Amino acid sequence: MITVTVIVVGVIVGWIDLPGLIRRKEWKETAVYSSMLLVATFFSVIAANLWEFPSPLYIIMWIYEPVNQFLANITGT
Amino acid sequence: MLEQGRLGTRQLATLTFMMVIGDMMLIYPSVITSYAKQNAWICALIGIPLGMGLMAMFLKLGNMNPGENLVQIARKHLGFWPGTLLSCFYLFFFLIGTSTHTREVGDFMTSQIFQYTPIRIITLMFVITIGWGAYKGLETMGRTSELLLPIVIVFILVLSFCLLPKVDVSNLKPVTDTDTVSIMQGILVSIIYPVGETIPILMILPYTARQAHRTRDVIFAAGLGNLMLAMLVTISLLVLGAFLTQHSIYASFILSQKISIGGFFERIEAIMATSWLISTYFKAMIYLFAFMVGIAELFKLKHYRVLLLPACMLVFGMANVVAPNLTFIVITIVPYWVDWDTTLGILLPGLLMLVMVFKKRIKSISN
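Calculation criteria
- Residues numbered from 1 in each chain as written.
- Chains lettered and ligands numbered in written order.
- Predicted model: local features only at pLDDT ≥ 70, side-chain atom pairs only at ≥ 80, totals over all residues.
- Helix = DSSP H or I, 4+ residues; strand = E, 2+ residues; numbered from the N terminus.
- Rg over C-alpha atoms; globule rule 2.2 N^0.38 Å.
- Buried ≥ 20, exposed ≤ 12 C-beta atoms within 10 Å, placed from the backbone.
- Contact = placed C-beta atoms within 7 Å.
- Nonpolar A, V, L, I, M, F, W, Y, C, P; charged D, E, K, R; others polar.
- Expected span 1.5 Å × (residues − 1).
- Arc of directions from axis to C-beta.
- Core = buried A, V, L, I, M, F, W, Y, C linked by C-beta atoms within 7 Å.
- pLDDT = per-residue confidence, 0-100.
- Axes fitted to C-alpha atoms, helices over the stretch in contact; angles between N-to-C directions.
- Parallel < 35°, antiparallel > 145°, perpendicular 65-115°, else oblique.

### Quick notes on the overall build of chain B
Part 1 of the argument: Along chain B, the regular secondary structure elements total 16 helices and two strands.
Part 2 of the argument: By the compact-globule yardstick of 21 Å for 367 residues, chain B fits well, its C-alpha radius of gyration being 20 Å.
Part 3 of the argument: Oriented by its inertia axes, the alpha-carbon framework of chain B measures out at about 70 × 45 × 40 Å.
Part 4 of the argument: Taken across its 367 residues, chain B has 54% of its residues classed as buried.
Part 5 of the argument: In chain B, of all internal contacts separated by at least 6 residues, the share reaching a separation of at least 24 is 85%.

Below is the structure:
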């Protein structure tokens, strides 16, 4: 039910902006807009259902884990 | 030019102040105390001039490239593809920043004030509000921040002064207990958390009017904001002590619950929460604005405002995905977040400055 609601909201959002963009032949805007809307709808569905999903901050943790260990080795903490 | 509006110097300064204060009021005392223990107030005070220096570097970077935002600066000086990569890194930070602030608002409200409201509702309301603000444009944000600034300052001052009867100086002792590394970490946090996170100011600098004293006023605003935070850290150390400050997630909120003057003036924590919400609102709005303008600049779109609705939906989705639980943002991620902020706030702008100075030098030699 709630999934359907979110998807309907996404369709409405697309309905508001996309026709104008296509009519003005702004293809780059249309492409960026629709890909962003697809990603947004995907994450909103996950958020609205409170499903578990790996946090994007794990990328940051993965990047800085060696740095942190290196610094901890130097300072001896 | 993507945005037509023009910010005045005073509005830019108030926005900077809001960005320094925003979101830090609640979590900054516990983060800095977890590094420097009872000497956190010294670190916070040392961080004020250093933070003003960092702000001066941001402004110098903006002033050396008038009329260009961060994406354009990076592309101009590093070349197209490295600049794009750097911009993507920054845009990721802006998106995650907005989502994190939204999530913090949701977590705070559902755990302390509206305990039976689902977090999605709070998040949705906050996202709609920041979306409306970003839709109205930069000038409106600046004027609104001018209007709401006194409320925030007065609330912080009331909080600090009403707690003076409960001060216990022995909480600050012993002074010589912490080692040098912890002190250095505390100083780094006191620079990078409040001032380093104002990096989106580089995205709004091109849309401000170039008036006299702009640099001075903005640096002064950053210093003032940092001073307010140092005051909060000091008062929470004096009243709660290092242990309680470190281990309570919302230290300032607990502080405001402790205010009781003559059994009459008490329970003003909702006012404190309001002032935190106002400042966080501005910070999240600037981050959302920077994200939209950055995306529009990255793909060379004609206008950014059309991206508003998907961006808001993305922030709503990300706000839930960004952290599995409440303690993730406040405890688990903090060491990595400090590194990330250091990279984005000090190292990469410093790298850009170096490249620019180097290019100028080479040009002057070859002439």
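### Some points on the interface of chain B and chain A
Part 1 of the argument: In this complex, chain B contributes 27 residues to the contact, which on the side of chain A involves 32 residues.
Part 2 of the argument: Elements represented by at least two residues in the side of chain B that touches chain A include exactly helix H14 (308–321) and helix H16 (334–366) of chain B.
Part 3 of the argument: Broken down by element, the residue count for the side of chain B that touches chain A peaks at ten residues, all from H14(B).
Part 4 of the argument: Each residue belonging to the side of chain B that touches chain A can be placed in one class, and the counts come to 22 nonpolar, two polar and three charged.

### Some remarks on helix H13 (residues 269–298) of chain B
All names here are of chain B.
Part 1 of the argument: Here H13 spans 43 Å end to end across 30 residues, near enough to the 44 Å set by a 1.5 Å rise per residue.
Part 2 of the argument: In terms of residue burial, H13 counts as a mostly covered element, since 24 of its 30 residues are buried.
Part 3 of the argument: The first or second residue beyond H13 is Lys300, which carries a positive phi of 55°.

### Side note on helix H6 (residues 119–136) of chain B
Residue and element names in this part refer to chain B.
Part 1 of the argument: Relative to the 26 Å expected for 18 residues at 1.5 Å per residue, H6 spans 26 Å between its end C-alpha atoms, a close match to the ideal helical length.
Part 2 of the argument: For H6, the set of buried residues is Ile119, Ile122, Thr123, Phe126, Val127, Ile130 and Ala134. Buried positions in H6, seen along its axis, are confined to an arc of 125° and lie on one side of it.
Part 3 of the argument: On its buried face, H6 is in contact with helix H5 (80–113), H13 and H14.
Part 4 of the argument: Of the residues trailing H6, Gly137 is marked for its positive phi of about 100°.

### A look at the environment of B:Thr117
All names here are of chain B.
Part 1 of the argument: The residue Thr117 is located in the loop between H5 and H6 in this model.
Part 2 of the argument: When the 13 C-beta atoms within 10 Å are taken as the criterion, Thr117 is described as partly exposed.
Part 3 of the argument: Sequence spacing of Thr117 and Gly106 is eleven residues, and the spatial spacing of their C-alpha atoms is 9.8 Å.
Part 4 of the argument: Ignoring sequence-local partners within four residues, the contact set of Thr117 consists of Thr110 and Ile122.

### Some remarks on the nonpolar core
Residues and elements named next belong to chain B.
Part 1 of the argument: With 137 residues, the main nonpolar core has Ile32, Val233, Met285, Leu288, Phe291 and Met292 as its most contacted residues.
Part 2 of the argument: The dominant element in this core, judged by the number of residues it contributes, is H13, at 17 residues.
Part 3 of the argument: For Ile32, the residues in contact, after removing those within four places along its chain, are Ala40, Cys43, Ala44, Gly186, Val189, Ser190 and Val233.

### Brief notes about unusual backbone geometry
Residues and elements named next belong to chain B.
Part 1 of the argument: Of the consecutive residues Lys173 and Pro174, the connecting peptide bond is found in the cis state with omega at -5°.
Part 2 of the argument: Residue position: Pro174 is located in the loop between helix H7 (138–162) and helix H8 (180–192).
Part 3 of the argument: Here Asp23, not a glycine, exhibits a phi torsion of approximately 70°, which is positive.
Part 4 of the argument: Relative to the helices and strands, Asp23 resides in the loop between helix H1 (9–21) and helix H2 (24–36).
Part 5 of the argument: With 27 C-beta atoms packed within 10 Å, Asp23 lands in the buried category.
Part 6 of the argument: For Lys300, which is not glycine, the phi torsion reads 55° and is therefore positive.
Part 7 of the argument: Tracing the chain through its elements places Lys300 in the loop between H13 and H14.

### Remarks on the confidence of the model for chain B
Part 1 of the argument: Confidence in the prediction for chain B averages 89 pLDDT; 99% of positions are at 70 or higher.
Part 2 of the argument: In the predicted assembly, ipTM is 0.92 and pTM is 0.93.

### Topic: the environment of B:Val239
All names here are of chain B.
Part 1 of the argument: Within the secondary structure, Val239 is located in helix H10 (residues 214–240).
Part 2 of the argument: You can call Val239 buried: it has 21 C-beta atoms within 10 Å.
Part 3 of the argument: C-alpha separation for the pair Val239 and Leu172, spaced 67 residues apart in sequence, amounts to 9.8 Å.
Part 4 of the argument: Beyond its immediate chain neighbours, meaning those up to four positions away, Val239 contacts Leu163, Lys166, Val167, Leu255 and Lys258.

### Section: the packing of H2(B) against helix H12 (residues 251–258) of chain B
Two numbers describe a pair of packed helices, the interaxial angle and the distance between the axes.
Residues and elements named next belong to chain B.
Part 1 of the argument: Where H2 meets H12, the closest approach of the two axes is 6 Å, and the angle between their N-to-C directions is 105°. Relative to H12, the element H2 lies roughly perpendicular. Counting all contacts with H2, which are made through Met25, Leu26, Pro29 and Ser30, the residues of H12 involved are Ala251, Ser252 and Phe253.
Part 2 of the argument: Tallied by class, residues from the contact of H2 with H12 come to five nonpolar, two polar and no charged.

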